[in-house]
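# Examination of the molecular architecture
Given next are the chains, with one letter for each unit.
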Amino acid sequence: DHSLFTEAMAVLSAKSCPFATLSNDLREALLATMRVREFATGEYLIRQGVPGDHLLVILDGTAVASIRRADSADRAVGAFGPGNVAGEISLLTGETRTADVVSRSRVRSLMLSVADFNSVAAGHPEVRILLTNVVANRLGKATYGGLGGKDIHGYQICRCIGRGGMGIVYEATRVASGEVVAVKMMNHGLLSHRGAIQ
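Let me sum up the structure you'll find in this document. (Residues numbered from 1 in each chain as written. Predicted model: local features only at pLDDT ≥ 70, side-chain atom pairs only at ≥ 80, totals over all residues. Heavy atoms only, no water.)

### Overview of the overall build of the protein
The cut-off we apply is this: The helix count covers DSSP runs of H or I at least four residues long, the strand count covers runs of E at least two residues long, and both are numbered beginning at the N terminus. Partly exposed describes any residue whose relative accessible area lies between the buried limit of under 20% and the exposed limit of over 50%, with all areas from a 1.4 Å probe on protein chains only and scaled to the type maximum. Working rule for contacts: check all heavy atoms of both residues, and any pair within 4.5 Å makes them a contact. Using the Shrake-Rupley algorithm and a 1.4 Å probe, accessible areas are obtained, with residue cover drawn only from the displayed protein chains.
In terms of regular secondary structure, the protein is built from six helices and 12 strands. By the burial criterion, 42% of the 198 residues in the protein qualify as buried. A fraction of 60% describes how many contacts in the protein between residues 6 or more apart in sequence connect residues 24 or more apart. On the protein, roughly 9,800 Å² of surface is accessible, and the fraction owed to carbon and sulfur atoms is 53%.

What follows is the structure, encoded as structure tokens:
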């Protein structure tokens, strides 16, 4: 419907939305693959520990993210409103969700599946770069972010220890050996550059 398209393009173009930095044509290409998803007040948009098969862009309403911990109280790690993106960490890492996101009011969102994201990103690597930057901004600003305590490919993330142009560096523990290591989450735009990987 034309009014929904106009509303969605306005949200994707707003300063609060990371997709605003993309070209209008690329925003339209992404929007063509997205579908609207609605959530009632108190409903989970995302559940911690569940495989991540999509990300959400909030059209209207608000939600809050928190991390469930077995040994302590849940810890709030973020809030979401129109134009904000949720679910990008799992989309990029291929791991399960790192936090719960629960609606504080009725929420309408745009849902982008992993398959559709990969399809668009195959021809437009700037989309991967953009989401890497979203993850870097979300996780790199705090010592303990959404990845704290999370196992990723055999490493348990302890805390963020640095951030730069190439990505974010975490202190982590190799699960198999208990060895403390540094794990770098590279900017996805660099993954096609052999020199950067070396």
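Don't stop here, the text continues.
### Looking at helix α2 (residues 24-33)
Residues spaced three or four apart along an α-helix point in a common direction, a consequence of the helix completing one turn every 3.6 residues. The test is simple: Throughout, the arc means the angular range of directions from the helix axis out to the C-beta atoms.
Within the sequence span of α2, burial applies to L26, R27, L30 and L31. Seen from one end, α2 has its buried residues packed into an arc of 140°, which puts them on one side. Every exposed residue of α2 that faces more than 90 degrees away from the buried side is listed here: D25 and A32.

### Some points on the sheet that holds strand β8 (residues 107-113)
Selection criterion: Between any two strands, pairing holds if DSSP finds at least two bridges. Fitting a line to C-alpha atoms yields each axis, with helices limited to the stretch in contact; the angle taken between N-to-C directions then spans 0 to 180 degrees.
Strand order across the open sheet formed by four strands is β1-β8-β3-β6, with antiparallel pairing between neighbours. Of all strands in the sheet, those with a lone pairing partner are β1 (35-39) and β6 (85-86), marking the two edges. Bridge analysis of strand β3 (residues 54-60) against β8 gives six bridges, and the strand direction is antiparallel. The partner of L55 across the bridge, within β8, is L112. Against the sheet, helix α1 (residues 2-13) contacts β1, β3 and β8, and its axis sits at roughly 105° relative to β3.

### Describing the nonpolar core
Condition: In these notes, a set of buried Ala, Val, Leu, Ile, Met, Phe, Trp, Tyr and Cys residues joined through side-chain atoms within 4.5 Å is what counts as a nonpolar core.
Membership of the largest hydrophobic core comes to 36 residues, with the highest contact counts inside it found for F19, V57, L110, F117 and L131. Per-element accounting of this core gives the leading share, five residues, to helix α5 (residues 126-139). What L131 contacts, discounting residues up to four positions off in sequence, is F19, L55, E88, L91, L92 and F117. The next biggest cluster of nonpolar side chains, apart from the first, holds 12 residues, and it includes F39, I46, F80 and M111.

### Some remarks on the side chain of S103
Applied cut-off: Polar contact is defined as a pair of N or O atoms within 3.5 Å, subject to the rule that within protein one atom must be able to donate a hydrogen and the other to accept it, and that residues adjacent in sequence are counted only when both atoms are side-chain atoms.
When you line up the elements, S103 lands in strand β7 (residues 100-103). In terms of polar contacts, S103 uses its side chain to reach the backbone carbonyl oxygen of A40, at 2.5 Å. In contact with S103, other than residues within four places in its own chain, are F39, A40, T41, G42, E43, L45, T62 and A63.

### With respect to the packing of aromatic side chains
Selection rule: Only Phe, Tyr and Trp rings take part, Trp by its six-membered ring, and two of them pair if their centres are within 6.5 Å. Stacked means planes under 30 degrees apart, edge-to-face means over 60, and tilted covers everything else. The criterion is that NZ of a Lys, or CZ of an Arg, lies within 6 Å of the ring centre and within 35 degrees of the ring normal, and then a charge sits over that ring.
This structure, assessed with the given rule, holds zero aromatic pairs. Seen from the ring of Y44, R47 lies directly overhead, with NZ or CZ sitting 3.7 Å from the centre.

### Digging into the packing of α1 against α2
Test applied: Angle categories are assigned with fixed cut-offs, so that under 35 degrees is roughly parallel, over 145 is roughly antiparallel, 65 to 115 is roughly perpendicular, and the rest are oblique. The sense of a crossing depends on the near helix, which, turned anticlockwise from the far helix by less than a right angle, makes the crossing left-handed and, turned clockwise, makes it right-handed. Residues are grouped as follows: Ala, Val, Leu, Ile, Met, Phe, Trp, Tyr, Cys and Pro are nonpolar; Asp, Glu, Lys and Arg are charged; every other residue, Gly included, is polar.
Taken N-terminus to C-terminus, the directions of α1 and α2 make an angle of 125°; their axes are 11 Å apart at the nearest point. Taken together, the axes of α1 and α2 are oblique relative to one another. In this structure, the crossing between α1 and α2 has a hand that is right-handed. Each of F5, A8, M9, L12 and S13 in α1 lies in contact with α2, whose residues at this interface are N24, R27, E28 and L31. Considered class by class, the residues forming the contact of α1 with α2 number five nonpolar, two polar and two charged.

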